[in-house]
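The residues making up each chain are set out below.
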Amino acid sequence: MAVMSPRKAAAQQDGQSLHDLLLETAQKMIATHGTTGMTVREIARMAGVADGVLYNHFSDKEELVARALLEHVRTTEAELGELPVPGEGVLFGNLRRHVEFGLALHKAVVPAFSGLVTQPKVLERFAEISERSGHWRDRLVAYLEAERALGRLRPESEVDATAAMLVGYCHASVLTTVFPHTAPLDPPPVNSVVSAALHGIAPREIEPADDEPGPVAET
């Protein structure tokens, strides 16, 4: 009669499948140590199972790491709380909340992605299984579009471009912490960035040329 490993027995007694155990273990490893140097043997050792068990539940290591990475992103987003509802509250404060959410999210997940620069297959798998509609950038665009539809932004507001600039600000603010060999960055405060996004930088009396788009969204 085959003897069940202690961890396998514990997992089954708790109602947790080995699939979920491996996924949870890999996700916790990513949250704690990142993805650099992550191996099948290390994941199996942390889960308390034999190395080969992984291949009974995932096609390969890349699938497991990609799914664990997605779980890490979802867990982080859930911990960061809810985002503003369009039409409610003050527009400036709502957009500031979005940017603060984006900064915190990037600080938590960018280091994990940076460890996968030499593992493009994992990143490809992540792109395949992740839901684009759930990404923070897409939620930001959807929020701005809804505010524009409600009349709280000008009809001609370039919400896609505004979102791209705000996401870029979050990226730039976090990347130097991941790559310390780069030149230090002193990003402007969030309030200044939100104000620039809402009001633009041109004097209000200046009208855009025919071939020049108008300033970005304002209240």
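Keep in mind it's a predicted model, so treat the numbers as computed, not measured. (Residues numbered from 1 in each chain as written. Predicted model: local features only at pLDDT ≥ 70, side-chain atom pairs only at ≥ 80, totals over all residues. Heavy atoms only, no water.)

### Some details on the environment of Ala 108
- By secondary structure assignment, the location of Ala 108 is in helix 5 (residues 91-114).
- Put simply, Ala 108 and Thr 76 are 32 residues apart on the chain and 7.2 Å apart in space, counted from C-alpha to C-alpha.
- Not counting chain neighbours up to four residues away, the residues in contact with Ala 108 comprise His 72 and Thr 76. (Helix = DSSP H or I, 4+ residues; strand = E, 2+ residues; numbered from the N terminus. Contact = heavy atoms within 4.5 Å.)

### Looking at the packing of helix 5 against helix 7 (residues 136-149)
- One can describe the packing of helix 5 onto helix 7 by two numbers: an axis separation of 11 Å at closest approach and a directional angle of 175°. In terms of orientation, helix 5 lies roughly antiparallel with respect to helix 7. For the pair helix 5 and helix 7, the contacting residues are Leu 91, Asn 94, Leu 95, His 98, Val 99, Phe 101, Gly 102, Leu 105 and His 106 in the first and Trp 136, Arg 139, Leu 140, Tyr 143, Leu 144 and Glu 147 in the second.
- Here the residues of the contact of helix 5 with helix 7 are counted per class, giving nine nonpolar, four polar and two charged. (Axes fitted to C-alpha atoms, helices over the stretch in contact; angles between N-to-C directions. Parallel < 35°, antiparallel > 145°, perpendicular 65-115°, else oblique. Nonpolar A, V, L, I, M, F, W, Y, C, P; charged D, E, K, R; others polar.)

### A closer look at the pattern of salt bridges
- Scanning the model with the defined rule gives seven salt bridges in all.
- Here Asp 51 ties to Arg 41 by a salt bridge, and the two come within 3.6 Å at their closest N and O atoms. Taken as a pair, Asp 51 in the loop between helix 3 (40-47) and helix 4 (61-80) and Arg 41 in helix 3 lie far apart in primary sequence, 10 residues in all.
- Of the residues examined, Arg 41 reaches a relative accessible area of 62% and is grouped as exposed.
- A salt bridge links Glu 147 to Arg 152; the nearest nitrogen and oxygen atoms lie 2.9 Å apart.
- For Arg 152, a relative accessible area of 24% puts it in the partly exposed group. (Salt bridge = Lys/Arg side-chain N within 4 Å of Asp/Glu carboxyl O. Buried < 20%, exposed > 50% of the residue type's maximum accessible area, 1.4 Å probe, protein only.)

### Details of the packing of aromatic side chains
- For the structure shown, the criterion picks out one aromatic pair.
- When the centroid spacing of 5.1 Å and the interplanar angle of 85° are considered together, the rings of Phe 113 and Phe 126 count as edge-to-face. Remark: Phe 126 occurs in helix 6 (residues 120-129) and Phe 113 occurs in helix 5; sequence separation between them is 13 residues.
- Of the residues examined, Phe 113 reaches a relative accessible area of 24% and is grouped as partly exposed. (Phe/Tyr/Trp six-rings, centres within 6.5 Å; stacked < 30°, edge-to-face > 60°.)

### Brief notes about the UniProt feature "DNA-binding region" (unreviewed entry) in the protein
- Feature annotation in UniProt assigns "DNA-binding region" (unreviewed entry) to the following positions: residues 39-58.
- The distance separating the terminal C-alpha atoms of residues 39-58 is 14 Å; by composition the span is 40% helix and 0% strand. (UniProt positions renumbered as here; feature names shortened; annotations may be inferred.)

### Details of the confidence of the model for the protein
- Overall, the predicted model of the protein reaches an average pLDDT of 82, with 80% of residues at or above 70.
- At the low end of the mean pLDDT range in the protein sits helix 1 (residues 6-13), at 47; at the high end sits helix 7, at 95.
- In this model residues 208-219 is a low-confidence stretch, pLDDT under 50, and it forms 27 contacts with partners more than four residues away in sequence or in other chains. (pLDDT = per-residue confidence, 0-100.)

### Concerning helix 2 (residues 18-33)
- Here helix 2 contains 16 residues, and its C-alpha end-to-end distance of 22 Å stays within 8% of the 22 Å for a straight helix at 1.5 Å per residue.
- Of the residues making up helix 2, those classed as buried are Leu 18, Leu 21, Leu 22, Leu 23, Thr 25, Ala 26, Gln 27, Met 29 and Ile 30.
- Taken from the residues just after helix 2, Gly 34 is the one with a positive phi, measuring 80°. (Expected span 1.5 Å × (residues − 1).)

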